[in-house]
Structure formats: structure tokens, C-alpha cells
Amino acid sequence: MSTESADPRFADLDAWPTLSAVEAMWEGQMAAVAAMRAALPQITLAADAAAERLGDAGRLIYAGAGTSGRIAAQDGAELGPTFGWPQERLVFAMAGGEAALLNSVEGAEDDAADGAAQMASVGPHDVVIGVAASGATPFTLAAIAEARRRGALTIGLANNSGAPLLEAAEFPVLLDTGSEVLAGSTRMKAGTAQKAALNLISTAIMIRLGRVYKGLMVDMQLSNAKLRKRAATMVAGLAGCGEAEAAAALDAGGGRIKLAVLVAMGRSVAEAEAMLAASSGSLRKALG
């Protein structure tokens, strides 16, 4: 069944006791995550290829409309704080523009010309992730087609088998979640699977790019006291030193955790920077 199909089991949902309705929706959420299992090989291929393509200069671009676009933007917005992903290497191609992140923009998802136009600066070093529950949204389809024509690596996430988006993207990811408890309400099962799949894809990309070491966020931005404390603890554990020494190393390294680990282990800032540069930013390789 497609995301638009009405499931006869829920025809009288509005007459059910609230607990029964909530249980049905909860079961749908569990089923959405379970449906991702079949997509793990495609998610892996997409993440590995994306990491290789992005290299040191490529941009990560999220394209979508409505609910799918907002879910995609949520994933991308976390990459800077969590992994230190540069803002200039992150782009949101949203149908209807930034205003559509908070409010519905009528007709925006049908604007294929806008989808193509928002890919005007895309090139071979870029990775474009298109997300559409139906897999047939004109804006998203046009964006992926134009990005691929310009040589970008394209990933398409859709919740309906045989969707045009899965044909258009170089790396298709089918999240076969089927019909919704509320027919057509893809903010539910489809949206849950999309967000979880994007979590996996973006995190796997960052792992492959050396922005994770020993399960730690070694490129995170130290934007508040809690994160500065977490970073000092992280540096102390990795470098085998006290937290005061770790905090001093973080200060010397401008708040850069990987640099601070090397400084706390006895390298100068210049030496640590050279080691990381020679290792493409990978702390594991620098220490190896």
C-alpha cells in the first residue's frame, strides 16, 4: 500500500478510545523504523559514496518540499553543532524558500522550475539529498534531475516503491512504510522513517570524513558551558591527562577538540595542525 492509501483498519479511528488510537499510532511508529531494515544496504552505499565525493570542499545539499523538506532541514541543521560541518558547505533547497520551513506555501511543491533553479550553483563536488514521501513531488524531482545533470552525487529518499524519485537519483533509498494511520499524513510513519534514515546517512558520512573518533563528537562546536565541560572531559580521556590540562589544551587550540588532544599529548599547536592536515582531519590517522 502507498502512503496515500486509506487502511480500512482505521476507518473508525475517530470513534476509538484515545488510548486505542494512541496505541495504533505508536505501532505505526515502530513499524516505520522496522521498515528501514531493508534499506540499510542502500543507505550504506549512499553514505560511503557521499563521503568520498564531499572530500575537503564539497557541499551537502538537502532538497524537499513541505513535511519532507522540513525533516531534511532539521537533519542538516544539526551537522554544524554536532560535527563542526561548515555553514558554507550546507545548503537547503526548500520549495517555497525559507518561509516554508514554518508555514505552508501554496503550490510550492509543484514548482518544478524552482526545483531546477535552486540547483543552479551545484557542481560535481556536491552531494544532493532529495526527500519526498510520495517520491513524485515535482519540485524535488526537478532538483534531483538537475543536480545529477550537473554532475552532483544524488541520493533520493522515498516511501513508495517504484517512485520516480528513486529512478531519478543515483543512489535510491526506499523506505517502504506503506499506508498511514491517518491516510496521507506522511508526517507520521513516512516522516519518522525519513528522519531516522537521514540520521543514519548524515552520521555515517561524518564518521567516514573523520569527524567522529572512538564514538565521540570530536568536531562538535563548543557553544555553551555544558559542551565546553563535555569537551574537556573528552580531551582528558583521549589524551590521558587531567581536566585542567585538557581545558588549557582546548584554550590553546581555539576550542578544537582534535587539536587539543594532540596538544595535551605534548605536541605544539603548529605540530598538531600539521598532523591533522596530513591526515585529512582524522584524529585516528594522526595518532596512528
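Small disclaimer: the values here were computed from a predicted structure and weren't measured.

Evaluation of the coordinates by the stated rule reveals two aromatic pairs. A centroid spacing of 6.0 Å and a plane angle of 35 degrees characterise the contact between Tyr62 and Phe92, whose relative ring orientation is tilted. Pair noted here: Tyr62 is in strand 1 (residues 60–64) and Phe92 is in strand 2 (residues 90–94), with a separation of 30 residues, a long-range link. With relative accessibility at 33%, the residue Phe92 sits in the partly exposed group.

Where helix 1 (residues 18–35) meets helix 8 (residues 189–208), the axes come as close as 8 Å, and the angle between the chain directions of the two elements is 40 degrees. What the angle tells us is that helix 1 and helix 8 run oblique. Note that helix 1 runs across helix 8; the crossing there is right-handed. Here helix 1 contributes Gly28, Gln29, Ala32 and Val33 to the contact with helix 8, which in turn contributes Lys189, Thr192 and Ala193. Partitioning the contact of helix 1 with helix 8 into residue classes produces three nonpolar, three polar and one charged.

Looking now at helix 1. It helps to recall that an α-helix has 3.6 residues per turn; residues three or four apart then point in one direction. Taking 1.5 Å as the rise per residue, helix 1 with 18 residues should run 26 Å; its terminal C-alpha atoms sit 26 Å apart, in good agreement. Where helix 1 is concerned, the buried positions are Ala21, Ala24, Gly28, Ala32 and Ala35. Down the axis of helix 1, the sector holding all buried residues measures 85 degrees, keeping them to one side. Among the exposed residues of helix 1, those pointing more than 90 degrees away from its buried face are Leu19, Trp26 and Ala34. Those residues of helix 1 that are buried are in contact with helix 8.

Turning our attention to the nonpolar core. Grouped together as the largest cluster of nonpolar side chains are 35 residues, with contacts concentrated most on Ile129, Ile155, Leu157 and Ile205. For this core, the secondary-structure elements that each account for two or more residues are helix 2 (40–54), strand 1, helix 3 (66–77), helix 4 (79–83), strand 3 (127–132), strand 4 (153–158), strand 5 (171–174) and helix 8. The contact partners of Ile205, leaving out residues within four places of it in the chain, are Ala47, Ala50, Ala51 and Leu54. Among the nonpolar cores identified, the runner-up in size contains 27 residues, and Val235, Ala264, Met275 and Leu283 belong to it.

Relative to the assigned elements, Thr140 resides in helix 6 (residues 138–149). What makes Thr140 buried here is its relative accessible area of 1%. Ignoring anything within four residues of it in the chain, the contact list for Thr140 reads Ala63, Gly64, Ala65, Gly130, Val131, Ala132 and Leu165.

We now examine helix 9 (residues 225–239). Here helix 9 contains 15 residues, and its C-alpha end-to-end distance of 21 Å stays within 8% of the 21 Å for a straight helix at 1.5 Å per residue. Buried residues of helix 9: Leu227, Ala231, Ala232, Met234, Val235, Ala236, Leu238 and Ala239, and no others. Considering only its buried residues, helix 9 is in contact with helix 10 (243–252), helix 11 (257–264) and helix 13 (283–287). Capping the start of helix 9 is the job of one residue whose side-chain oxygen sits 3.1 Å from the backbone nitrogen of Lys226: Asn224. Within two residues after helix 9, Gly240 carries a phi angle of roughly 70 degrees, on the positive side.

In spatial order, the strands read 2-1-3-4-5; together these five strands make up an open sheet with parallel pairing. Strand pairing shows two members of the sheet lacking a second neighbour, strand 2 and strand 5, which therefore form its edges. Averaged over all pairs of adjacent strands, the angle between strand axes in this sheet comes to 15 degrees, irrespective of strand direction. As paired elements, strand 1 and strand 2 share five bridges and run parallel to each other. Paired with Tyr62 across the two strands is Phe92, which belongs to strand 2. Packed onto the sheet, helix 2 meets strand 1, strand 3, strand 4 and strand 5 and runs at close to 145 degrees relative to strand 5. Lying over the sheet, helix 8 contacts strand 1, strand 3 and strand 4, oriented at roughly 165 degrees with respect to strand 3.

Conventions and cut-offs
- Residues numbered from 1 in each chain as written.
- Predicted model: local features only at pLDDT ≥ 70, side-chain atom pairs only at ≥ 80, totals over all residues.
- Heavy atoms only, no water.
- Phe/Tyr/Trp six-rings, centres within 6.5 Å; stacked < 30°, edge-to-face > 60°.
- Helix = DSSP H or I, 4+ residues; strand = E, 2+ residues; numbered from the N terminus.
- Buried < 20%, exposed > 50% of the residue type's maximum accessible area, 1.4 Å probe, protein only.
- Axes fitted to C-alpha atoms, helices over the stretch in contact; angles between N-to-C directions.
- Parallel < 35°, antiparallel > 145°, perpendicular 65-115°, else oblique.
- Left-handed = near helix turned anticlockwise from the far one by under 90°.
- Contact = heavy atoms within 4.5 Å.
- Nonpolar A, V, L, I, M, F, W, Y, C, P; charged D, E, K, R; others polar.
- Expected span 1.5 Å × (residues − 1).
- Arc of directions from axis to C-beta.
- Core = buried A, V, L, I, M, F, W, Y, C linked by side-chain atoms within 4.5 Å.
- Polar contact = N/O pair within 3.5 Å; in protein donor to acceptor, adjacent residues only side chain to side chain.
- Pairing = 2+ DSSP bridges.

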